[in-house]
Amino acid sequence: METASQSQHSRAGQHGTAQKVAAHLSSTEENISTLSVSLSRRSSGEQHSNTARGEMAQKGVQLEREAISCSVCLDLLKDPVTIPCGHNYCMNCIKSHWDKEDEKKVHSCPQCSQSFTPRPVLVKNTMLAFLVEELKKTGLQAAPADHCYAGPEDVACDVCTGRKRKAQNSCLVCLTSYCEKHLQPHHDVPPLKKHKLVEPYKKLQENICSRHDEVMKIFCRTDQQSICYLCSVDEHKGHDTVSAAGERTERQRELEGSRHNIQQRIQDREEDVKLLQQEVEAINGSADKAVEHSEKIFTQLIRLMEKRRSDVKQQVRSQQETEVSRVRELQEKLEQEITELKKLSHTEDHNQFLHNYPSLSALSESPHPSSIKIRPLNYFEDVTAAVSELRDKLQDVLRETRTNVSLTVTQVDVLLSNPEPEPETRAGFLRYSREITLDLNTAHTQLLLSEGNRKVKRISKKQSYSSHPDRFTDCHQVLSRESLTGRCYWEVEWRGRGVYVAVAYRNISRAGEECVFGLNDKSWSLYCDNNSYYSYHNDVETPVSGPRSSRVGVYLDHSAGILSFYSVSETMTLLHRVQTTFTQPLYAGVHVYSKTTAEFSKVK
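Remember, predicted model here, so these are calculated numbers, not experimental data.

*Asks:* Help me out: how do you make sense of the confidence of the model for the protein in this one?
*Replies:* A low pLDDT means the predicted coordinates there should not be read in detail. Per-residue confidence for the protein gives a mean pLDDT of 80, with 80% of residues at or over 70. Least confident of the elements in the protein is helix α1 (residues 4–24), whose mean pLDDT is 38; most confident is strand β13 (residues 477–479), at 97. Scored below 50 in pLDDT, residues 1–59 shows 54 contacts in the model against residues more than four places distant or in partner chains.

Okay, structure coming up:
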């Protein structure tokens, strides 16, 4: 049997060992020190009653579990190591974590994110390992996994103190949420068993009347709101009231009655979704085939153009060689004749001279005008003119083809029951902004373009523009280069006497009174001057009211058939809206009066 002195000596020795443990672990978290003190007390053989042990377990178990658990694997520490920041991990866990960070050349703590360079050398913390093993002897298990605790999106237990666990149920009577542990009385205590438990619910307090601080168990049909009993005898007195449960039963009955309709609508919508998906697949397939075939056709056209270019080049060079050869031959013949004449006129052989004299005398007696006729050097200019003509015709064909392709593509449209509404703010319109440039080939000769063909000014002097079938000849107008489909928005800034801001089909007339924007069925325009607005279409004039502004915004939703004109200043004011069906791509345009400029702004 152990003597008192031996027991005292043993306790002192054990107590001393615990102090060394605590001193060795002073660099780790404070809770480890607390655990070492707890261990030293256990080692010294202090006796506690069952009640004291229970209280100690209640207060210390959470701290002990967290202290000896690895925050990576959430299990008890195995081969514990302490990294420079003071946090502890299983050796394999921290090794695996750092292995993933090797490429970054910087290694961090999974808990505090402190980084270390170079990678720290890991050494097993033997004293911490000893402490873990001693605590495991008490039956202590690993810390609960983090998923047991409530996160930002979870409903937390209202009873837990400190770090709160996830709620398992909410009680509609207590208006409290409980974790599994604190919910137990509702399973064991008879009065609590009658309470209504539901899935965890964050907004339990919404069931409390803010005026009387009572549970709202009544529904007022008159005011269509939940109320408490005091409300029913106070401000809701005389109203049509029922229990909240009764109202729910009634509404569920109504819901059951319409369930079939809802299910049918769901099925219809699912069918619509399938149809739309099929439409997407069909559009994608058709577009892929169109692109593939177009690429082949354009490749053939390019090869044809390359061959034609080579043929023209070969023909020109061949003709060049023939003509040069012919001229060289004639040139050599004439040079030979010159040589012979010079030789004959200077010969010293009397007999030779007398023999050739008749021919020399005949040449000298009769003048011999030159037989060489030089024609203007325009032989190959005809080739250049022919190629230029081919280019212009090809451009016209390609432009017409582009218009036809654009028109065909716009017809591939899926009509939805709820089209996107027209924007309400300038920022909303700017989402659809388009940069507009003007087509010089359409400009009247008294219109001067500048600012990258975005600005137009009417002048008195005619410009030397080349003849073109797209040019307006009788109206001081110009169209954009870009065709407009889908949703588009642009702004026109104008200065001077007046301007027509317009859109038109490409095939609008280029001459006569019927070419004026708005005086035909192929264009729509808004006339603006310093005093008034008028809208025009198909030669119908409509007065328009609104605030005067030097900036006009134009919004086009081609597929919906909407064209809107806005006065743009500090705010946007709708001046005029057109609702129609557009059958072709549209082009922006302006018709300017004398001493007037108009510019298509770069909107951002």
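*Asks:* Could you clarify how one ought to interpret the pairing of strand β16 (residues 523–529) in this entry?
*Replies:* With seven of seven residues buried, β16 is to be regarded as a mostly interior element. Going residue by residue along β16, you find Ser523, Ser525, Tyr527 and Asp529 tucked away on one face and Trp524, Leu526 and Cys528 tucked away on the opposite face as well. Here β16 hands over to strand β17 (residues 533–537) after three residues, the two strands then running antiparallel side by side.

*Asks:* I tried to follow the sheet that holds strand β15 (residues 498–505) on my own but got confused; where do I start?
*Replies:* What links the strands of a sheet is backbone hydrogen bonding, and the strands pair in either a parallel or an antiparallel sense. If you trace the six strands from one edge of the open sheet to the other, you get β13-β22-β15-β16-β17-β18, paired in antiparallel fashion. Unpaired on one side and paired on the other, β13 and β18 (540–544) mark the two borders of the sheet. Neighbour to neighbour, the strand axes of the sheet diverge by 20° on average, direction disregarded. Of the strand pairs in this sheet, β16 and β17 are connected by five bridges, and their pairing is antiparallel. Residue pairing for β17: cysteine 528 is matched across the bridge by tyrosine 533.

*Asks:* I keep staring at a nonpolar patch on the surface and nothing clicks. Help me out?
*Replies:* Among the surface-exposed residues, Ile297, Phe298, Leu301, Ile302, Leu304, Met305, Leu390, Leu394, Val397 and Leu398 lie close enough to one another that they form a single nonpolar patch of about 900 Å² accessible area. Those elements that provide at least two residues to the nonpolar patch are α9 (244–345) and α11 (381–410). Its place among the elements puts leucine 394 in helix α11.

*Asks:* I tried to follow the pattern of salt bridges on my own but got confused; where do I start?
*Replies:* Close approach of charged atoms allows side chains of opposite charge to pair. Taken as a whole and assessed by the stated rule, the structure comprises 25 salt bridges. As a salt-bridge pair, arginine 253 and glutamate 250 come within 2.6 Å of each other at their nearest N and O atoms. Of this pair, arginine 253 and glutamate 250 are both found in helix α9, three residues apart, which corresponds to roughly one turn of the helix. With a closest N to O distance of 3.3 Å, lysine 307 and aspartate 311 form a salt bridge.

*Asks:* For this particular structure, what's the right way to read the nonpolar core?
*Replies:* Soluble globular proteins tend to bury their nonpolar side chains together. Counting 35 residues, the largest nonpolar core has Val456, Trp490 and Leu563 as the members making the most contacts within it. If we skip the residues at most four places from it in the chain, tryptophan 490 touches Arg434, Ile436, Leu484, Val503, Val552, Gly553, Val554, Leu556, Ala588 and Phe600. Core analysis: the second largest hydrophobic core is formed by 19 residues, Cys70, Leu76, Leu131 and Val132 among them.

Analysis parameters
- Residues numbered from 1 in each chain as written.
- Predicted model: local features only at pLDDT ≥ 70, side-chain atom pairs only at ≥ 80, totals over all residues.
- Heavy atoms only, no water.
- pLDDT = per-residue confidence, 0-100.
- Helix = DSSP H or I, 4+ residues; strand = E, 2+ residues; numbered from the N terminus.
- Contact = heavy atoms within 4.5 Å.
- Buried < 20%, exposed > 50% of the residue type's maximum accessible area, 1.4 Å probe, protein only.
- Pairing = 2+ DSSP bridges.
- Axes fitted to C-alpha atoms, helices over the stretch in contact; angles between N-to-C directions.
- Patch = residues over 30% accessible without salt bridge, like charges linked within 9 Å, V, L, I, M, F, W, Y side chains within 5 Å.
- Areas by Shrake-Rupley, 256 points an atom, 1.4 Å probe, with all protein chains shown as cover.
- Salt bridge = Lys/Arg side-chain N within 4 Å of Asp/Glu carboxyl O.
- Core = buried A, V, L, I, M, F, W, Y, C linked by side-chain atoms within 4.5 Å.

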